[in-house]
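# Observations on chain architecture
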Amino acid sequence: MNRLYRSTRNRRLTGLIGGISENLGLSSMLLRLIFFISIFATGGTSLLIYFIAALVVPKEPYPGDPYGYDSVTGYK
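Computed from a predicted structure; not experimentally measured.

Attention now goes to the nonpolar core. Ranked by size, the top nonpolar core spans seven residues in total: Leu16, Ile17, Leu31, Phe35, Ile39, Tyr50 and Val57. Listed by contribution, the elements that provide at least two residues to this core are helix H1 (16-24) and helix H2 (28-41). In terms of residue count, the dominant contributor to this core is H2 (three residues). Apart from the residues within four sequence positions on either side, tyrosine 50 is in contact with Leu13, Thr14, Gly15, Leu16, Ile17 and Phe35.

Our next topic: the side chain of threonine 14. Tracing the chain through its elements places threonine 14 in the segment before H1. Here leucine 16 takes part through its backbone nitrogen, which lies 3.4 Å from a polar atom of the side chain of threonine 14. Within the structure, the side chain of threonine 14 is placed 2.7 Å from the side chain of tyrosine 50, a separation counted as a polar contact. Residues in contact with threonine 14, not counting those within four places in the same chain, are Arg6, Ser7, Tyr50 and Ala54.

Evaluation of the coordinates by the stated rule reveals three aromatic pairs. Ring geometry for phenylalanine 36 against phenylalanine 40: centres 5.2 Å apart, planes inclined by 80°, an arrangement best described as edge-to-face. Placement of both phenylalanine 36 and phenylalanine 40 in helix H2 is noted, with a separation of four residues, approximately one turn of the helix. For phenylalanine 36, a relative accessible area of 48% puts it in the partly exposed group. Under the relative-accessibility criterion, phenylalanine 40 is labelled exposed at 61%. Taken together, Phe35, Tyr50 and Phe51 form an aromatic cluster joined through their ring pairs.

Criteria and cut-off values
Residues numbered from 1 in each chain as written. Predicted model: local features only at pLDDT ≥ 70, side-chain atom pairs only at ≥ 80, totals over all residues. Heavy atoms only, no water. Core = buried A, V, L, I, M, F, W, Y, C linked by side-chain atoms within 4.5 Å. Buried < 20%, exposed > 50% of the residue type's maximum accessible area, 1.4 Å probe, protein only. Helix = DSSP H or I, 4+ residues; strand = E, 2+ residues; numbered from the N terminus. Contact = heavy atoms within 4.5 Å. Polar contact = N/O pair within 3.5 Å; in protein donor to acceptor, adjacent residues only side chain to side chain. Phe/Tyr/Trp six-rings, centres within 6.5 Å; stacked < 30°, edge-to-face > 60°.

These results come straight from atomic positions and should not be treated as a statement about function.
Now the structure itself:
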């Protein structure tokens, strides 16, 4: 089971929908369209849930340096 992260590559506002699309393997544009329609269908409740989820879901960790340098410890 994959862990859900906010995407750092596929983002428009917070990266939450991009992270969901990467986790589910769906198109991010399709999910954004569904979310946009759901804002009007739910009277804005989905927008509130979106921002709460953006605060709870962690940002995607950055991949390690391809040359082996660790930015935290400074060692290879």
